[in-house]
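# Survey of secondary and tertiary structure
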Amino acid sequence: MAAVELSDWTRAVVKVGSALVAPDERGCSTAHLLPIARFIMESRRQGKEVILVSSGAVAAGLAEQGRSGPGTGLTIPERQALAALGQPLLMAHWRRLFDMPCAQVLLTYDDLQRRSRFVNAKNTIAELLDRDTLPIVNENDTVATEELRVGDNDNLAAYVAVLAEADLLVICSDVDGLYTADPHDDPDAERLPEVDEITDEIYDMVGPSHRAVATGGMQTKVEAAEKATDRGIDTVLVNGTKGSHLDALGRGEMPGTLVRRSEQPLSARKHWMLHALPSAGCLTVDSGAANALRHDGASLLPSGIVAVEGRFARGDAVEIVVGEEGGWTRVAKGITQYGSADLERIQGQQSSAIAEVLDNVPADHVIHRDDLVVEP
Ligand code: GLU
């Protein structure tokens, strides 16, 4: 089998998890960070740009309070306070490893979802890169409420890669890459050097995290890879505890798992609709409508809708599902022209009849084809 090689890249997001920043769950340690810093410095020396996404604020906060051990069992206010305490320590820790300025960028889910804040964050990161500064990103845990947080830095790193228009996402953890089974439990598990597409089978293969301080585990890494590759960004899962693996990556070799970028990446708008915009409801459609969406590039009309779930307004994102083979299959996600109350009144009707039922008719379709992302 030919060796897997990394395509040339110019801008990478490098994500470093708590398992590397705070091994043994005892606050920040440089044990694993020197090779990562070396990879970043060497990449910059070659004229490439790097953005770092680092976890470890909560772990650093715990250690500062003289507490070691897992960060599990903490209440949300405790996690938020510990993140506030630990974040400056985390920054100081990284700063010691680089001979260039480091800038702190704290983001929430809201910043990624709302256009104006997204553009601000994007411009700030671009300006920092222009100023030869290393942006170090973390989630703004102190203000992010449960419903409005990304929740894990793997997914955050994918959002940052999209925002910063990176062409590579490197997720460093303490495992060698994606395995056919959990290598902690199964001695026959084999590493996959290359994955062409994140499929349901890949999700089924990965299990939950084994570590207490780390939020993610393999599942969030796979989610992150899906988000990034959908937007045309190659994603690499690499063992950041092994300096030789990072050095190999620096030479364009593939010591971990390469998840290849999609050959037909989503546009920025469709990617945002699919991955950043939360769904406010669900429309069940009949099989005729499902076929028209899937195969004919059609818009969704009221006549194809058989059920409306959730309370939502015009302009919200909704899921579209169809009943198939005794279960529900997601067909698409889109932005609706009608709120749920109006939809309940026009579902199943011909478009020409909308005006007989509603006073206000913004469109003869419920979701325009340009506002739909159809499942492949
Ligand atoms: N933002 C959290 C922290 O810095 C980490 C989230 C994660 O590990 O994914 O502690």
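Preceding this paragraph is the structure being described.
Model, not experiment: these values are computed from the prediction.

## Description of the side chain of Asn239
Topologically, Asn239 is positioned in strand E7 (residues 234-239). On the basis of relative accessibility, which here comes to 3%, the residue Asn239 falls in the buried class. At 2.6 Å, the side chain of Asn239 and the side chain of Thr241 are in polar contact. Leave out the neighbours within four places in its chain, and Asn239 touches Ser173, Asp174, Val175, Asp176 and His245.

## Overview of the layout of surface pockets
Any empty space left between the atoms is revealed when a probe the size of a water molecule rolls over them. Empty space within the largest pocket amounts to approximately 1400 Å³. Surrounding the largest pocket, 42 residues form its lining, Glu226, Asp230, Leu274, His275 and Pro376 being those nearest its centre. Of all the elements, helix H9 (residues 218-230) adds the most residues to the lining of the largest pocket, at 5 residues. Residue composition of the lining of the largest pocket, by class: 15 nonpolar, 8 polar and 19 charged.

## Examining the nonpolar core
Here is a general trend for soluble globular proteins: nonpolar side chains tend to be buried in one another's company. In terms of nonpolar packing, the biggest core is built from 42 residues, with Val13 and Val160 touching the most fellow members. Among the secondary structure elements, those contributing two or more residues to this core are strand E2 (49-54), strand E3 (102-107), helix H5 (109-113), helix H6 (115-130), helix H7 (153-163), strand E5 (168-173) and H9. Broken down by element, the residue count for this core peaks at 8 residues, all from H7. Ignoring sequence-local partners within four residues, the contact set of Val160 consists of Val13, Ile51, Val53, Leu107, Ile125 and Val137. Counting residues in hydrophobic clusters, the runner-up holds 39 residues, among them Leu90, Trp94, Val238 and Leu258.

## A closer look at the sheet that holds E2
Taken in spatial order, the 8 strands line up as E3-E4-E2-E1-E5-E7-E8-E6 in an open sheet, and their pairing is mixed. Strands at the two margins of the open sheet, each flanked by one partner only, are E3 and strand E6 (194-195). In terms of strand pairing, E7 meets strand E8 (residues 257-259) through 3 bridges, oriented antiparallel. Looking at the pairing, Val236 lines up with Leu258 of E8. Sheet strands in contact with helix H4 (residues 76-95) are strand E1 (11-16), E2, E3 and strand E4 (134-139), and its direction is about 145 degrees off that of E3.

## Digging into the packing of aromatic side chains
Scanning the entire structure with this criterion turns up 3 aromatic pairs. Here Tyr109 and Tyr159 contribute two aromatic rings whose centre-to-centre distance is 6.3 Å and whose plane-to-plane angle is 55 degrees, an arrangement assigned as tilted. Of the two residues, Tyr109 sits in helix H5 while Tyr159 sits in helix H7, which places them 50 residues apart along the sequence. A single burial state applies to Tyr109 and to Tyr159, both of which are buried. Note that Lys48 overlies the ring of Trp9, its terminal NZ or CZ placed 4.5 Å from the centroid.

## Side note on the packing of H9 against helix H11 (residues 268-276)
Contact pair H9 / H11: the axes reach a minimum separation of 10 Å and the direction vectors enclose 165 degrees. Put simply, H9 runs roughly antiparallel to H11. You can see that H9 and H11 cross each other, and the crossing is right-handed. Taking contact as the criterion, the partners of Glu226, Lys227 and Asp230 in H9 are, on H11, His271, Leu274 and His275. Partitioning the contact of H9 with H11 into residue classes produces 1 nonpolar, 2 polar and 3 charged.

## Concerning the sheet that holds strand E10 (residues 305-309)
Pairing is mixed in the open sheet, where 5 strands are placed in the order E10-E9-E11-E12-E13. Edge positions in the sheet fall to E10 and strand E13 (372-374), since each of these pairs with one other strand and no more. Each strand of the sheet is rotated relative to its neighbour by a mean of 30 degrees, with strand direction disregarded. Sheet topology note: the strand E12 (residues 327-335)/E13 ladder contains 3 bridges and is antiparallel. Bridging across to E13, Ala332 finds its partner in Val374. Contacting E12 and E13, H11 crosses the sheet at an angle of about 130 degrees to E12. Each of strand E9 (279-285), strand E11 (317-324), E12 and E13 touches helix H12 (residues 287-295); the most contacted strand, E11, lies at about 120 degrees to it.

## Things to note about the environment of Thr133
Here Thr133 lies in the loop between H6 and E4. Look at Thr133 and you get buried, because its relative accessible area is 8%. Once the C-alpha coordinates of Thr133 and Leu258 are considered, the two residues, 125 residues apart in sequence, prove to be 27 Å apart. Thr133 has contacts with Arg44, Pro101, Cys102, Ala103 and Leu128, leaving out every residue within four places of it along the chain. A distance of 3.1 Å separates the side chain of Thr133 from the backbone oxygen of Arg131, its partner in a polar contact.

The rules behind these values
Residues numbered from 1 in each chain as written. Predicted model: local features only at pLDDT ≥ 70, side-chain atom pairs only at ≥ 80, totals over all residues. Heavy atoms only, no water. Helix = DSSP H or I, 4+ residues; strand = E, 2+ residues; numbered from the N terminus. Buried < 20%, exposed > 50% of the residue type's maximum accessible area, 1.4 Å probe, protein only. Polar contact = N/O pair within 3.5 Å; in protein donor to acceptor, adjacent residues only side chain to side chain. Contact = heavy atoms within 4.5 Å. 1 Å grid on protein atoms, 1.4 Å probe; cavity = no way out; pocket = protein on both sides within 12 Å on 5 of 7 lines; lining within 4 Å. Points joined across faces, edges and corners; volume = space filled by probe spheres on them. Nonpolar A, V, L, I, M, F, W, Y, C, P; charged D, E, K, R; others polar. Core = buried A, V, L, I, M, F, W, Y, C linked by side-chain atoms within 4.5 Å. Pairing = 2+ DSSP bridges. Axes fitted to C-alpha atoms, helices over the stretch in contact; angles between N-to-C directions. Phe/Tyr/Trp six-rings, centres within 6.5 Å; stacked < 30°, edge-to-face > 60°. Lys NZ or Arg CZ within 6 Å of the ring centre and 35° of its normal. Parallel < 35°, antiparallel > 145°, perpendicular 65-115°, else oblique. Left-handed = near helix turned anticlockwise from the far one by under 90°.

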